[in-house]
Amino acid sequence: MTATTPVPLSPAGNPIGFGRMLRKEDARFLRGQGHYLDDIKLPGMLHGAILRSPHAHARLVSIDTSAAEAHPKVKAVITGAMLEGLKLAWMPTLSRDVQAVLATDKVRFFGQEVAFVVAEDRYSARDALELIVVEYEPLDPVIDARLALAEGAPVIRDDIEGKKDNHIFDWEAGDREATDRVFSEAEVVVAQDMLYPRVHPAPMETCGSIAHMDRVTGQLTAWSTTQAPHAHRTLYSLVAGLPEHKVRIISPDIGGGFGNKVGIYPGYVLAVVGSIVTGKPVKWVEDRSENLISTSFARDYHMHGEIAASRDGKIKGLRVRVLADHGAFNGTAQPTKFPAGCFHIFPGSYDLDAAHCEVTGVYTNKAPGGVAYACSFRVTEAVYLVERMVDVLADELGIDPAELRRINLLRPEQFPYTNKTGWVYDSGDYGRTLEVALEKAGYTELRRRQAEGRERWRAAGGSPEDPGAGGEHLMGIGLSFFTEGVGAGPKKHMDILGLGMADGCELRVHPTGKAQLRISVQTQGQGHETTFAQIVAHELGIPPEDIEVIHGDTDNTPFGLGTYGSRSTPVSGAAAAVVSQRVREKARIVAAAALECSPEDLEWELGRWQVKGDPEKGKTVAEIAMLAHGTLELPEGVEGHLDASVVYDPPNLTYPYGADICVVDLDPGTGRVKVDRFIAVDDCGPRINPMIVEGQVHGGLADGVGMALMEAIQFDRSGTCLSGSLMDYLLPTSLDCPSWELGETVTPSPHHPLGVKGVGESATVGSPPAVVNAVIDALEPFGVRHADMPLTPAQVWLAMRGRPLRTDIVEM
Amino acid sequence: MQTPAPFEYEHASSVDEALALLERHGPETRLVAGGHSLLPMMKLRLARPERLVDVNDLTDLAYVRREGDQIAIGALTRHAQLASSPLLASLYPIFQDAERVIADPVVRNRGTIGGSLCQGDPAEDLSAVVATLGGSLKIRSRTGERVVAARDFYLGPYETQVGPAEMVTEVVIPIRPGAGSAYEKVERRPGDWAIAAVGCFLTVSGGVIADCGIGLAAVGAPGLPALEAEAALRGRPAGEEAYAAAAQMAAAHCRPQTDQRGPAEYKRDLVAELTRRALRRAAARVMAGGA
């Protein structure tokens, strides 16, 4: 079970099991031979383009499509009115709301879909959009989420019968009464408001789909940029009333998802409608601006945190109120029972007496979504909240943030630990992980150098009144300790639209001993073709190069809800291990029949069943595979061939955790911040392929730096999205990233067959508070306790002057 | 994929041919060199020229050379050539300072000085550099050539003196022996446009500032010169006191706007800070140059 024992190497030099190996998929990706959606060209294929609303909130008065229809290359122009006739104007969202496919009555966000043109080529489709004349009657928009529930606020969702406000849901977790009691008795209570701004997954490949409705067979095939092809098939069936056995979803190579490719977008449905209307395959691929302004964002949580503690630093309780901005339609992808996802993991890694949260979801005139984005269902927001609150408390008490965490982290003997909102953390040795990180960072020495630097800054003339005087920079050191709950999820707790979150898996070993593994999850760059082959190799001793991992085609893979929330290895990885173990047990029976002994007389040596006490006598998996497909007489009730299929319903989530330490350099004269060092020590259990794990961590850390320092989807007061290009929505580059310093501890999950916990989002979850804590720490001479992300030079400059800005709305 | 509106495309093999095409096809024709400003605007359909005339073949316009007491820079000179020019490095390190913070290597390999200046983006760095140095631009038409001072070149944002049938062929910078120069920029992220940037040069004689130039980016018109600050520096002893005074004047002179990069008050403060820093660095280079 451990990853540390050396494993034998295959003829190709790959580990037959866990260990570093180059990714099997890289040969095609590095040569530019990946096959993405936009590489697919079908005979007779037409191209679609979407006309989008220039208003955040307006009544649709009229649409004149006649000039567009007269364009010589245009084959169809589709409007909301036409869709109404087909009962396709609205589609269900993943949160049991509805979303307009094309606007019929009103537009409700800037960039909303208004009309769809199908033409012979992409340029003509785009040209024809300009020939459509739409008359709008502008309405007052709701842009400020904090005013969404105000008396007299415009009602966005008047399409919902009887809807008189912009309220979506109220939800709570934890024990309110116990928490109130803890707070009323506490020696110290500190409160802090904070916004986790709306950010965007911004995958390199934008979203798109090619729909082909075959009029003869009645079969719909859709090639689609989806992280969850099986969920999409079921949803297409529900949306369009198509029989599910006639729907096939194919997810080709995906250029990044990060949650952006979980849901179904109007463009996907419109491609289907376009194909139905024209009888031809229709391709729709959004451009960069469309991706940023209209597809699923993440976060947008306005949080009010309170923390209660004793004066000597023992945390007693945590209380949170959240206003969640869900945009114009509630399209968030969360398990049905949890409208705030896993936010209620906010007590984090700490041993406290009580915790309670209330979350209120509201509609605003902004793009819908609120989907994952590398957040394990809003664990990102939860970890940011608690890790900022711990630093706020440290500031209040004058205790070093590392020491405050040391005092309060859960202890190894408390696991499995049921936290104050009901999560059962599977395993952990938090203190050790923190110490490894502090050691790696040289924490004590860092603090000493920081103190010297502050002294130099003051001596040179630096002061809150004249921060830049003397030109000395200031160092900031920030910590965060995160616990995630990933691997959604146990069917008893979690479903999406009634679909349980168990994953199917099928393994076939062919007669010559080569294998195919069919999985239900969908890689977007995580390296599934390698990792899953290594899991089978680990269990069966077949070299990973001899195992083909098949995914992304609903006709060729078993059902499952796809890849997001770091669930692939925790759920499908477990399924792959279990199905391999089933095959191994079947191989044992076949081997016993061939060796004319009882299965109980055999023992497993990686890749081979052999007779106990007589290891010369045995059969390799390849030999057994040939026998299983051959004429060997098998015991009564044992079918031939060497394959198995399973459905894995996880008994619990897995709980990866880690400690992050960030060191920043602040130029107080300009407000510019540079990340100098970043130390990340992750415990995700045993690492199947450490190189892939490190790659995931590197990406997530870069992402965290981006969110902390530069990323935000922002609006002006009229509701125009100001972040519609990558010149406006800044993503971090290599120049923003230090050389990451990684470490690990290994605490296996007791309930996962491989002990692994998932790592896809760990760094994205853990790093933003570490960066923010570091910047706030650098601002200590200015008495700053908090400033909202992104901590741009302007925001830092304002924070030094005691008046940081709201970062969701830009006042022009 | 972003799709521009329909347009025609031709390429010119000489300056005369380019000018003839501009004249023949009228004002909706645009020259394209690196295309790093024009093409994104076309893809977003913010710019919709009817025709592009590609001037990338006019390699005789790619040069940096000394001509008497001037530096002549051909309009098709790429950023990367400016960054690696030994002549500019020795006479005006402000070019290297600026080039290091302009966009990224991909853009710098294709983008040209002529295109950068003619785009007229208020945040463009080379506009500020050339204005700082009191350079001028040669503008040619079929009938002749005129020379316009960089400080008079812009009529407003994205608006220049270049007529529809004209093109900029050369940028001329006066050489000032012993001058020190520097460029200071703050951006939200490497490669981004400036929040604010300040360029300056100084010549010092007997400890007194003899001549100077200060150009600002992203806080007003393209290549905005800080005239009062320049006047205040001339004849004053080089040193912190002079720099502080100039910094305040430059900050007062600029006209920043509040936007996603930050509030106007921040940008104004930044201009003061960056003016101080640029002057210090330029002065250090004066010393280093042994003037």
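The numbers attached to residues start from 1 for each chain and follow its sequence in the written order. Labels follow written order: the first chain is A, the first ligand is 1, and so on. The predicted origin of the model limits local features to residues at a pLDDT of at least 70 and limits the giving and counting of side-chain atom pairs to 80 or more, whereas totals for whole chains, interfaces and linings rest on all residues. To obtain the side-chain values, all non-hydrogen atoms of the structure were used and water was disregarded.

With respect to the domain arrangement of chain B
Residues and elements named next belong to chain B.
So, step 1. For chain B, the assigned domains read domain 1 (8–54), domain 2 (59–174) and domain 3 (180–285).
So, step 2. For every domain, the bounds stem from an assignment made automatically or drawn from a database. One C-alpha centre belongs to domain 2, the other to domain 3, and the line joining them spans 20 Å.
So, step 3. Joining two parts hides part of their accessible area as seen by a 1.4 Å probe, and the buried area is that hidden amount summed over both. Interface area, domain 2 with domain 3, both sides summed: about 1,800 Å², of which 62% is carbon and sulfur.
So, step 4. Contact with domain 3 buries surface across domain 2, with D97, T132 and R151 losing the most and accounting together for 27% of the total.
So, step 5. Should a side-chain nitrogen of Lys or Arg be within 4 Å of a carboxyl oxygen of Asp or Glu, the pair is scored as a salt bridge. Counting across the interface, domain 2 meets domain 3 through four salt bridges.
So, step 6. Measuring nitrogen to oxygen at the nearest pair gives 2.7 Å for the salt bridge that ties R285 to D97.
So, step 7. Side-chain atoms alone can form a polar contact between residues adjacent in sequence; in general such a contact is a pair of N or O atoms within 3.5 Å, and within protein one must be able to donate a hydrogen while the other accepts it. Here domain 2 is connected to domain 3 by eleven residue pairs in polar contact (both at pLDDT 80 or more).
So, step 8. Elements supplying a minimum of two residues to the side of domain 2 that touches domain 3: helix 5 (94–100), helix 8 (125–132) and strand 8 (154–156). Secondary structure is summarised from DSSP: a helix means a run of H or I of at least four residues, a strand means a run of E of at least two, and numbering begins at the N terminus for each.

Brief notes about the pattern of salt bridges
Residues and elements named next belong to chain A.
So, step 1. On inspection of all chains with the given rule, the structure shows 89 salt bridges over all chains.
So, step 2. R785 is paired through a salt bridge with D395; the nearest N and O atoms lie 2.9 Å apart. One end of the pair, R785, is in the loop between helix 17 (762–778) and helix 18 (793–800); the other, D395, is in helix 9 (residues 379–397), with 390 residues separating them in the sequence.
So, step 3. Accessibility here uses a 1.4 Å probe with only protein chains present; expressed as a share of the type maximum, an area under 20% marks a residue as buried, one over 50% as exposed, and anything in between as partly exposed. Given the relative accessible area of 24%, R785 is considered partly exposed.
So, step 4. Look at D395 and you get partly exposed, because its relative accessible area is 42%.

Some points on the domain arrangement of chain A
Residues and elements named next belong to chain A.
So, step 1. What the domain assignment lists for chain A is domain 1 (26–33 + 502–648), domain 2 (37–139 + 206–254 + 261–294) and domain 3 (298–408 + 425–487 + 653–800).
So, step 2. Computed from C-alpha coordinates alone, the two centres of domain 1 and domain 3 are separated by 40 Å.
So, step 3. Facing 21 residues of domain 1, the contacting portion of domain 3 comprises 20 residues.
So, step 4. Summed over both partners, the interface of domain 1 with domain 3 comes to about 1,400 Å²; 67% of that surface belongs to carbon and sulfur atoms.
So, step 5. For domain 1, the biggest contributors to the area lost against domain 3 are G565, S566 and P570; these three give 34% of the whole.
So, step 6. Where domain 1 touches domain 3, the interface holds zero salt bridges.
So, step 7. Seen at the junction of domain 1 and domain 3, the total is five residue pairs in polar contact (both at pLDDT 80 or more).
So, step 8. Broken down by secondary-structure element, the contributors of at least two residues to the side of domain 1 that touches domain 3 are helix 13 (528–540) and helix 14 (568–595). The criterion used for residue contact is that any of the two residues' heavy atoms lie within 4.5 Å.

Observations concerning the sheet that holds strand 11 (residues 180–187) of chain B
All names here are of chain B.
So, step 1. Read from one edge of the open sheet, four strands run 11-12-13-14, paired in antiparallel fashion. Pairing within the sheet leaves two strands with one partner each, and these edge strands are strand 11 and strand 14 (224–225).
So, step 2. A pair of strands counts as paired when DSSP detects no fewer than two bridges linking them. Pairing analysis gives nine bridges linking strand 12 (residues 194–205) to strand 13 (residues 208–217), with the strands arranged antiparallel. Pairing of A197 across the sheet is with A217, part of strand 13.
So, step 3. Each axis is a line fitted through C-alpha atoms, taken for helices only over the stretch in contact, and angles between the N-to-C directions span 0 to 180 degrees. Across the sheet, helix 11 (residues 240–253) touches strand 12, strand 13 and strand 14, and the angle it forms with strand 13 is around 30°.

Some points on the nonpolar core
Residue and element names in this part refer to chain A.
So, step 1. Note on terminology: a nonpolar core comprises buried Ala, Val, Leu, Ile, Met, Phe, Trp, Tyr and Cys residues joined through side-chain atoms within 4.5 Å. F343 and L709 are the most contacted members of the largest nonpolar core, which has 166 residues in total.
So, step 2. Per-domain counts for this core show at least three residues from each of domain 2 (37–139 + 206–254 + 261–294) and domain 3 (298–408 + 425–487 + 653–800).
So, step 3. Setting aside its immediate chain neighbours within four residues, L709 contacts V673, V675, V771, V775, P790, L791 and T792.

Quick look at the interface of chain B and chain A
So, step 1. Tallying the contact residues gives 31 residues for chain B and 35 residues for chain A.
So, step 2. For the chain B face of the interface with chain A, the top three residues by lost area are M1(B), R189(B) and Q260(B), together amounting to 25%.
So, step 3. Linking chain B with chain A are seven salt bridges.
So, step 4. E265(B) is the partner of R803(A) in a salt bridge, and the nearest nitrogen-oxygen pair spans 2.5 Å.
So, step 5. Here chain B and chain A share 14 residue pairs in polar contact (both at pLDDT 80 or more) between them.
So, step 6. Of all the elements in the fold, those that place two or more residues in the side of chain B that touches chain A are strand 11 and helix 12 (264–288) of chain B.
So, step 7. Among the elements that make up the side of chain B that touches chain A, the one with the highest residue count is helix 12 of chain B (seven residues).
So, step 8. Polar here means any residue outside two lists: the nonpolar Ala, Val, Leu, Ile, Met, Phe, Trp, Tyr, Cys and Pro, and the charged Asp, Glu, Lys and Arg; Gly therefore counts as polar. Its residues assigned to classes, the side of chain B that touches chain A shows 13 nonpolar, five polar and 13 charged.

Some remarks on unusual backbone geometry
All names here are of chain A.
So, step 1. Here the bond from A488 into G489 is cis, since omega is -25°, no more than 30 degrees from zero.
So, step 2. Relative to the helices and strands, G489 resides in the loop between strand 20 (474–483) and strand 21 (495–496).
So, step 3. That bond from M789 to P790 is cis: its omega, -10°, falls within 30 degrees of zero.
So, step 4. Mapped onto the elements of the fold, P790 is located in the loop between helix 17 and helix 18.
So, step 5. The backbone phi angle of K87 is positive, close to 60°, even though this residue is not glycine.
So, step 6. With a relative accessible area of 73%, K87 lands in the exposed category.
So, step 7. Phi at L497 takes a positive value of approximately 50°, unusual for a residue other than glycine.

Remarks on the packing of helix 16 (residues 690–709) of chain A against helix 17 of chain A
Residues and elements named next belong to chain A.
So, step 1. One way to put it is that helix 16 packs onto helix 17 with a least axis distance of 7 Å and a crossing angle of 45°. In terms of axis orientation, helix 16 runs oblique to helix 17. Crossing hand, helix 16 versus helix 17: right-handed. Between helix 16 and helix 17, the residues in contact are V697, G700, L701, D703, G704, V705, M707, A708 and L709 and A763, T764, S767, P768, V771, V772 and V775, respectively.
So, step 2. Residues of the contact of helix 16 with helix 17, tallied by class, amount to eleven nonpolar, four polar and one charged. Throughout, the term roughly parallel applies to angles under 35 degrees, roughly antiparallel to angles over 145, roughly perpendicular to angles from 65 to 115, and oblique to all others. Each helix crossing is assigned a hand: it is left-handed if the near helix lies turned anticlockwise from the far helix by less than a right angle, otherwise right-handed if that turn is clockwise.

A short note on the side chain of T654(A)
Residues and elements named next belong to chain A.
So, step 1. On the secondary structure map, T654 appears in the loop between strand 29 (642–648) and strand 30 (657–667).
So, step 2. Here the side chain of T654 touches K757 through a polar contact of 2.8 Å, landing on its backbone oxygen.
So, step 3. Residues contacting T654, with those up to four places away along its chain left out, are D426, E484, G485, V486, P570, S749, H751, V756 and K757.

Quick notes on the packing of aromatic side chains
So, step 1. Stacked, tilted and edge-to-face pairs are distinguished by plane angle, under 30 degrees for stacked and over 60 for edge-to-face with tilted covering the rest, among Phe, Tyr and Trp rings (Trp via its six-membered ring) whose centres lie within 6.5 Å. Enumeration over the complete set of coordinates arrives at 22 aromatic pairs over all chains.
So, step 2. Ring centres of F377(A) and Y564(A) lie 5.9 Å apart, and the angle between their planes is 75°; on these two criteria the pair is classed as edge-to-face. Pair noted here: F377(A) is in the loop between strand 17 (354–362) and helix 9 and Y564(A) is in the loop between strand 25 (547–550) and helix 14, with a separation of 187 residues, a long-range link.
So, step 3. Take Y564(A): its relative accessible area is 6%, and that puts it in the buried class.
So, step 4. Judged by centre distance (5.1 Å) and plane angle (35°), the rings of Y425(A) and Y655(A) are tilted. One end of the pair, Y425(A), is in strand 19 (residues 424–425); the other, Y655(A), is in the loop between strand 29 and strand 30, and 230 residues separate them in sequence. There is no split in this pair, since Y425(A) and Y655(A) are both buried.
So, step 5. An aromatic cluster is defined as three or more aromatic residues linked by ring pairs; in this entry it consists of F415(A), Y430(A), F481(A) and Y657(A).
So, step 6. Over the face of the ring belonging to F29(A) we find R28(A), whose NZ or CZ atom lies 4.7 Å from the ring centre.
So, step 7. Its end group placed over the ring of F201(B), R176(B) keeps NZ or CZ at 4.0 Å from the ring centre. Any Lys NZ or Arg CZ that is within 6 Å of a ring centre and within 35 degrees of that ring's normal is treated as a charge sitting over the ring.

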